[in-house]
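Listed below, chain by chain, are the residues.
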Amino acid sequence: MTVSGDLPSPAVMTSVSTPPLLTGERAVVVLFIACIMFSLPPSLLLPGGFLSFLSFFALCVEIRGESSGSLSYLKTRPGASSGILLGAVTLPALMLSRLIQLSRALSLDEIELREVDYLQMQYWAASVSCFAVLIFLSSVIWAAPGSSRSHSRRVLISAKFIIGCIVLIAAFYNISPNGMSTTTKLMWVLFHGLATVKLMLHLLETFPSCSSIGETLLVTAGLVLYFGDISACTIAKLHGYWSSSELAFVQNGTRKNEISTVIQGLLLGLLLFPVAFKFLLHALDSFPSVTSSGTMIQNERRRSLIFFVSFGLIMFVVMPLWMQFVQDFQKHPLLWVVDFVFSEPAKRLSLCIYWVCLIYVSVRRFYYISKNSKTERILLRKYYHLMAVSMFVPAVIFQPKFLDLAFGAALAVFLTLEIIRVWRIWPLGQLVHQFMNAFTDHRDSELLIVRQDIHFSLLLGCALPIWLSSGYNDRPLAPFAGILSLGIGDTMASMVGHKYGVLRWSKTGKKTIEGTAAGITSVLAACSVLLPVLASTGYIFTQHWLHLFLAVIVSGLLEAYTAQLDNAFIPLVFYSLLCL
């Protein structure tokens, strides 16, 4: 700290405030994008060109933001890099990889053109969402808060954001040949961008110090795209109220099976429920009350009663009505789920019993170890990764549709428990909070445990590649992307690196070369064992071993270098590379 009037020398200022331009994480992301660019067919050169531009723009924003420190007011996770580049390219790159995969199917007449058109629309929605956030962040960097002209600079931020959106609209208009429907497409894409910026700022303010910018960008862009898909399903059922030509892009590709509709309904209800419950609590707090100890207990139990009644109303009445509307179930969706489970009772009920027994034994054992052992929590958390492998691999091979539904049910349970924990709902709130704290580390927040390995990140990391592969899939290893990268690669890298690691990738990091080598080797070994098993069940391996080797190396290097939420980013990157 300098005395007033004294300034450090330029050399000192440069060494302290300027981070390195080339980091390991940035190099891995560039390699990831390059792999996708080299796999592009001629029909996807335009989306590929925009992804390249988006990557360069994100790199510039990340470098400028970290060097200037002007994004510190966004209240991101302390000690973590911004992750803007990785967060901005992951979802668009994933969509582009799926487009490359579907283009192969289209050339073989295995899918219809409208499926490719709808996925391409989702690609542009994801890209515009990330592009809108980058425009907003660049505007914030350019007009740093706290200056004497903060008001005028905020006006300039808004103006620059609007101008950027207008330029994007004009560019998108030029590439679309469909007259009247173009306006609807532009409004649809622009809505995704504006909603992503708004939701991102809301999450950073509501859950301060819980995530980096890149992590928040990935979550918000994914949520907005998910809600956009739900809206498309609903609009597709209401298309008779509008001209079908204006909503042709919505009607294309929105046909879903019953399992996808049930999962969407469950998650939609759980994501909307906190908003409704918060409104009810505000209405309850508006009435005057006496703050005695007995009254506080009564208020807590009344609050709990309101929670469970409203939860049951939304999840068992409102959302099933939406499911029946969009899918035309012949019976109540929950009854359909029961019939689906009992359609193959020997296999599916046996699998359920196996899961319940494994979860009970594992959780009971690991929780005891966490309380009575000196085993480090990072290793204890990796045991759950191994448990995920033993749970999910048999189901992916022999009961993939049932696993899709089981993942949705498990995620619904975890979301419910997290809502109960955050709101401290009697009588389970405190118990759930104490249990979750047994597995947290320095990266978790007291307010929101998003990194819990037995919670959202591990479950979503394993589930998303399986859900994304529910349609056409000519890469049999793609559904296993989360299980292989997290359950095997990440686990072996952590265990070997912790016990035998000597050579570190960087002076400040904890990841070791030995751990990364162990992770890459273990994934390749698991693939060599898994492929003959898949071949015996009818799957055909159509991917070259060189491409598989490159995908494993890139995802392994990303695990070594990234400071972001690896349980979210690594499976998506690995899945994207496996689709090529």
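The structure presented is a predicted model; accordingly, all values stated were derived computationally and were not measured.

(A) Examining unusual backbone geometry more closely. Positive phi, close to 60°, is recorded for Asp109, a residue that is not glycine. Summarising the element assignment, Asp109 is placed in the loop between α4 (84-107) and α5 (113-142). We classify Asp109 as exposed; its relative accessible area is 70%.

(B) Summary view of the side chain of Thr90. Note on placement: Thr90 falls in helix α4. Judged by its relative accessible area of 1%, Thr90 is buried. Only 2.5 Å separates the side chain of Thr90 from the backbone oxygen of Leu86, close enough to count as a polar contact.

(C) Fine view of the pattern of salt bridges. Applying the stated criterion to the full structure yields nine salt bridges. When the shortest N-O distance is used, the salt bridge between Glu344 and Arg348 registers 3.7 Å. For Glu344, a relative accessible area of 31% translates into the label partly exposed. Residue classification places Arg348 among the buried positions, given a relative accessible area of 6%. Put simply, Glu418 and Arg421 hold a salt bridge, and the shortest N to O gap is 3.0 Å.

(D) Region of the structure containing helix α3 (residues 45-68). The terminal C-alpha atoms of α3 lie 34 Å apart, and with 24 residues this matches the ideal 34 Å at 1.5 Å per residue to within 8%. All of the buried residues in α3 are Pro47, Gly48, Phe50, Leu51, Leu54, Ser55, Phe57, Ala58, Val61, Glu62 and Gly65. Residue Gly69 follows α3 closely and has a positive phi angle near 70°.

What counts and what doesn't
- All residue numbers refer to position in the chain's written sequence, counted from 1.
- Where local features are concerned, this predicted model is filtered to residues with pLDDT of at least 70; where side-chain atom pairs are given and counted, the filter is 80 or more; whole-chain, interface and lining totals use all residues.
- Hydrogen atoms and water are omitted, and side-chain values are computed over all heavy atoms in the structure.
- Strands are runs of DSSP state E lasting at least 2 residues, helices are runs of H or I lasting at least 4, and numbering of each runs from the N terminus.
- For every residue, the accessible area obtained with a 1.4 Å probe (protein chains only) is divided by the maximum for its type, and the residue is called buried under 20%, exposed over 50%, and partly exposed between those limits.
- Distance and chemistry together define a polar contact, namely a pair of N or O atoms within 3.5 Å, with one atom able to donate a hydrogen and the other to accept it when in protein, and with adjacent residues in sequence counting only for side-chain atoms on both sides.
- Any carboxyl oxygen of Asp or Glu that lies within 4 Å of a side-chain nitrogen of Lys or Arg is treated as forming a salt bridge with it.
- Expected span of a helix, by definition, is 1.5 Å for each gap between consecutive residues, and there is one gap fewer than residues.

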